Amino acid sequence: MDMRYEENMTEKQCRGAVNQMIHTYGALKRSERPLSLHFCSIGEYMSTLLDKNNVHNWKVHCHEQKPEELFNIEDLVYLSPESPNVLEEIDQEKIYIIGTIVDHNKKKGLSLGTANNLNIHTVRLPLLEYYGDVTFNKSLNVNHVFSIMQDVAQHGNWRQAFEEHVPQRRGYNKENKKNKPTKQDNQTETELQNDIDNDILDVSDAVNNN
């Protein structure tokens, strides 16, 4: 997880990013074959939020350094929905980077620009190849991307991973039909933030109790 985008987000968006990382850790704990998970580029505010959720008790690696400072550039692959390269299969020898960006639609090209500036190879998930030529939001939450990658690393089945982890509220389902708006689609920003704050408390308690 590349957390260098703290300065590109509001405090509310940073809280949302940490919430997604809590759910990511929940997915890691539930896996029979968990991946090695690194939180990189941790800034001051995000560090405070993670500390409040007892990240020191999590089985993850936390770093202030950026991914390119920790690993060889040639071993890194940056996931970006704008990448022209399709990820067909996961290379177990590579290290895949997920940018912790909330509200990606207003920050299009941010992760791709970061990777290109660092000469890190980029890929995107094969969502178009699976769902076909339909209109939908190609940007997924951090925890959804992680869960997809973790599952495909285990069984290699993109179809199964997408059907398990891609939210239907994104505007598509496995039949490629537009879904009706959900409760979360119709929430105001205040209501959504209240849900995020409650989720952080609920999921953090579950992580600590397990």
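First, a word on scope: everything that follows refers to the structure included in this document. (Residues numbered from 1 in each chain as written. Predicted model: local features only at pLDDT ≥ 70, side-chain atom pairs only at ≥ 80, totals over all residues. Heavy atoms only, no water.)

**Brief notes about the packing of aromatic side chains**
Argument step 1. Counted by the stated rule, this structure contains 6 aromatic pairs.
Argument step 2. With 4.8 Å between their ring centres and 0° between their planes, Tyr 25 and Trp 58 make a pair best called stacked. Pair noted here: Tyr 25 is in helix H1 (residues 11-30) and Trp 58 is in the loop between helix H2 (44-52) and strand E2 (61-62), with a separation of 33 residues, a long-range link.
Argument step 3. For Trp 58, a relative accessible area of 6% puts it in the buried group.
Argument step 4. Feature note: the residues Tyr 130, Tyr 131, Trp 158 and Phe 162 constitute an aromatic cluster, connected by ring pairs. (Phe/Tyr/Trp six-rings, centres within 6.5 Å; stacked < 30°, edge-to-face > 60°. Helix = DSSP H or I, 4+ residues; strand = E, 2+ residues; numbered from the N terminus. Buried < 20%, exposed > 50% of the residue type's maximum accessible area, 1.4 Å probe, protein only.)

**Quick look at a negative patch on the surface**
Argument step 1. Taken together, the side chains of Glu 88, Glu 89, Asp 91 and Glu 93 define an acidic patch exposed on the protein surface.
Argument step 2. In this fold, Glu 88 is placed in the loop between strand E3 (76-79) and strand E4 (95-98).
Argument step 3. Taking the relative accessible area as the measure of exposure, Glu 88 reaches 66% and is therefore exposed. (Patch = residues over 30% accessible without salt bridge, like charges linked within 9 Å, V, L, I, M, F, W, Y side chains within 5 Å. Areas by Shrake-Rupley, 256 points an atom, 1.4 Å probe, with all protein chains shown as cover. Salt bridge = Lys/Arg side-chain N within 4 Å of Asp/Glu carboxyl O. Lys, Arg positive; Asp, Glu negative; His and termini not counted. Charge placed at Lys NZ, Arg CZ, Asp CG, Glu CD.)

**Some remarks on the nonpolar core**
Argument step 1. By size, the foremost hydrophobic cluster in this structure holds 44 residues, and its most contacted members are Phe 39, Leu 87, Leu 125, Ile 148, Met 149 and Phe 162.
Argument step 2. Counting only elements with at least two residues in this core, the list comes to H1, H2, E3, E4, helix H5 (127-131), helix H6 (142-155) and helix H7 (158-165).
Argument step 3. At 8 residues, H1 tops the list of elements feeding residues into this core.
Argument step 4. Setting aside residues up to four positions removed in sequence, Leu 87 forms contacts with Leu 79, Tyr 96, Val 123, Arg 124, Leu 125, Pro 126, Met 149 and Trp 158. (Core = buried A, V, L, I, M, F, W, Y, C linked by side-chain atoms within 4.5 Å. Contact = heavy atoms within 4.5 Å.)

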